[in-house]
Amino acid sequence: MAFGRKPPEEIVTAETKVWVCTSDDCNCWVRDNFKSSNVPACPICQNDMEQTTKVLEVVNNHSQNLIG
């Protein structure tokens, strides 16, 4: 018997806006709600990034609510 065992939680996914590095040598990407500026530079190689979408697990950025 497994007393106290919780059932596994369902992973909620959604189509999410992300920024992807344009460099062929870099595979970095950043969620839109975690970016540091309006048009972010790649945090790894400092190249330009372009906006696209991915199906990802839903993650909320609560620190944005504190900034304004």
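Look up a bit, the structure's there.
Everything numeric here is computed off the predicted structure, so don't read it as measured data. (Residues numbered from 1 in each chain as written. Predicted model: local features only at pLDDT ≥ 70, side-chain atom pairs only at ≥ 80, totals over all residues. Heavy atoms only, no water.)

**Concerning the environment of N47**
Moving on, step 1. Examined against the element boundaries, N47 turns out to sit in the loop between β2 (29–31) and β3 (49–57).
Moving on, step 2. C-alpha of N47 to C-alpha of T22: the two residues are 25 residues apart in sequence and 6.8 Å apart in space.
Moving on, step 3. Not counting chain neighbours up to four residues away, the residues in contact with N47 comprise C21, T22, S23, A41 and C42. (Helix = DSSP H or I, 4+ residues; strand = E, 2+ residues; numbered from the N terminus. Contact = heavy atoms within 4.5 Å.)

**Re unusual backbone geometry**
Moving on, step 1. If you check the backbone angles, Q46 has positive phi at about 65° while not being a glycine.
Moving on, step 2. Looking at the secondary structure, you find Q46 in the loop between β2 and β3.

**Quick word on the side chain of R31**
Moving on, step 1. Mapped onto the elements of the fold, R31 is located in strand β2.
Moving on, step 2. Put simply, R31 is tucked away with no salt bridge, and the nearest opposite charge, on E57, sits 6.3 Å away.
Moving on, step 3. Residue contacts for R31: discarding those within four places in its chain leaves T16, K17, V18, L56, E57 and V59. (Buried < 20%, exposed > 50% of the residue type's maximum accessible area, 1.4 Å probe, protein only. Lys, Arg positive; Asp, Glu negative; His and termini not counted. Salt bridge = Lys/Arg side-chain N within 4 Å of Asp/Glu carboxyl O.)

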